[in-house]
Amino acid sequence: MPEWIMAGAWGLLAGSALLIGAAIGFLAPIKQRIIASIMAFGSGVLISALSFDLMNEAFKQGGIRPASIGFFAGAAIFTGANMILNRQGAKHRKRSGNQQPKQSESSGLALAIGALIDGIPESLVIGVSMLSGAGVSMVAVIAIFLSNLPEGLSSSAGMRKAGRSLRYVSTVWFTIAVLSGAASICGYTFFSGVSDQTIAIITALAAGAILAMLADTMIPEAFEEEHEFTGIITVTGFLVAFFLSKAEIGF
């Protein structure tokens, strides 16, 4: 099977967690503390993955300067886009409580775009990780899957309380899951053959965007509902991903 198809399949697999989480959050009522615990665990997993997998790989390929440039650029791009979306009604897109606005054309579009900018950097990483010829980084796939699950769960639960229909919710997350697969393909095809420094910048850019996303959206939700145990749950997720990275699992 061509490598670019494999990249898309891995991206789609990671993105499918959005649909799974959305279905659970919309159809099966779950306590917000449980959702927050999943968010905290997923945050720890992603922090470990971007630290020991993404940034470490960026440093190996390009050195400290490209890694730093990409890292700050990713955080700045995400923060800027997030500020714009916050003003359009997507500020609480990962919240499972009553913080989400009532359904409107502008807020619905902002929520969808917000989910997209959360997922694109993660999906690009999957495709880029395959350029070395060593196969996909399973740590990245697992980390992204585990972070997407609570995002779909939390956001869809909030959308349900905001009065959005099952059709609306399923369409949003199905579209984002498909675009996640497409982003992985783009990561593999567009950056194939480019210099190591360019790959380092792209990898670090994704890491910076992911960390900014965690600080702006996932961790605040986890702390608000599960603040007594947020730290230990996040540390547990970090350790799980750390052990996976040391196991050097790849396909």
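To start, this report covers the structure provided alongside it. The residue count restarts for each chain, going from 1 along the sequence in the order it is written. Residue-level local features of this predicted model are given only where pLDDT is at least 70; pairs of side-chain atoms are given and counted only at 80 or more, and the full residue set underlies all totals for whole chains, interfaces and linings. Calculation of side-chain values draws on the structure's entire complement of heavy atoms; hydrogens and water are dropped beforehand.

## So, the side chain of T234
Within the fold, T234 resides in helix α8 (residues 230-247). The class of T234 is buried, set by a relative accessible area of 18%. When checking whether two residues touch, look at their non-hydrogen atoms; a contact exists if any pair is within 4.5 Å. What T234 contacts, discounting residues up to four positions off in sequence, is A40, S43 and G44. To qualify as a helix, a DSSP run of H or I must reach at least 4 residues; to qualify as a strand, a run of E must reach at least 2; elements of each kind are numbered from the N terminus. To sort residues, take the accessible area from a 1.4 Å probe on protein chains only and compare it with the maximum for the residue type: under 20% means buried, over 50% means exposed, and anything in between is partly exposed.

## Re helix α6 (residues 166-190)
Given 3.6 residues to a turn, an α-helix orients residues that are three or four positions apart in the same direction. By this rule, a helix spans an expected 1.5 Å times one less than how many residues it contains. Here α6 is 25 residues long and its end C-alpha atoms lie 35 Å apart, about the 36 Å a rise of 1.5 Å per residue gives. Turning to α6, its buried residues are Y168, V169, V172, W173, I176, A177, S180, G181, A183, S184, G187 and Y188.

## Here we look at α8
Between its first and last C-alpha atoms α8 spans 26 Å; for 18 residues at 1.5 Å apiece the expected length is 26 Å, and the two agree. When we look at burial in α8, the residues that qualify are T230, I233, T234, G237, A241 and S245. On an axial view of α8, the arc spanned by its buried residues comes to 120°, and they lie on one face. Every exposed residue of α8 that faces more than 90 degrees away from the buried side is listed here: I232, F243 and K246. Taken from the helix axis, the directions to the C-beta atoms give the arc we talk about.

## With respect to a nonpolar patch on the surface
Where nonpolar side chains cluster on the molecular surface, the patch consists of F229, I232, V235, L239 and F243 and spans about 500 Å² of accessible area. Structurally, V235 is set in helix α8. Residue classification places V235 among the partly exposed positions, given a relative accessible area of 44%. The patch calculation keeps residues exceeding 30% relative accessible area without a salt bridge and links them within 9 Å when they carry like charges or within 5 Å when they are nonpolar (Val, Leu, Ile, Met, Phe, Trp, Tyr). Using a 1.4 Å probe, accessible areas were evaluated by the Shrake-Rupley method; residue-level cover was limited to the displayed protein chains. A side-chain nitrogen of Lys or Arg and a carboxyl oxygen of Asp or Glu constitute a salt bridge if their distance falls within 4 Å.

## Details of empty space enclosed by the protein
Only protein atoms enter the 1 Å grid used here. Points where a 1.4 Å probe fits but cannot escape make up a cavity, open sets with protein on both sides within 12 Å along at least five of seven lines make up a pocket, and a residue lines them when an atom lies within 4 Å of a point. Grid points are joined across faces, edges and corners, and a volume is the space filled by probe spheres set on the points. All told, the structure shown has three cavities of 30 Å³ or more when counted by the stated rule. Reported here for the largest cavity is a volume of approximately 60 Å³. Taken together, L46, A49, L50, D53, L54, V125, A140, A143, I144 and I210 make up the full set of residues lining the largest cavity. With five residues, the single largest contributor to the lining of the largest cavity is helix α2 (residues 32-62). Any residue outside Ala, Val, Leu, Ile, Met, Phe, Trp, Tyr, Cys, Pro, Asp, Glu, Lys and Arg is labelled polar, Gly included; the first ten of those are nonpolar and the last four are charged. Residue composition of the lining of the largest cavity, by class: nine nonpolar, no polar and one charged.

## A few points about the nonpolar core
Here, nonpolar core means buried Ala, Val, Leu, Ile, Met, Phe, Trp, Tyr and Cys residues that are tied together by side-chain atoms lying within 4.5 Å of each other. Formed by 25 residues in total, the largest nonpolar core has its most connected members in L46, L50, L54, I210, M213 and L214. Counting only elements with at least two residues in this core, the list comes to α2, α5 (138-161), α7 (196-226) and α8. Counting residues per element, this core draws most heavily on α7, which supplies nine residues. If sequence neighbours within four positions are ignored, I210 has contacts with L46, L50, L54 and E122. V136, M138, V141 and I144 belong to the second largest nonpolar core, which has ten residues in total.

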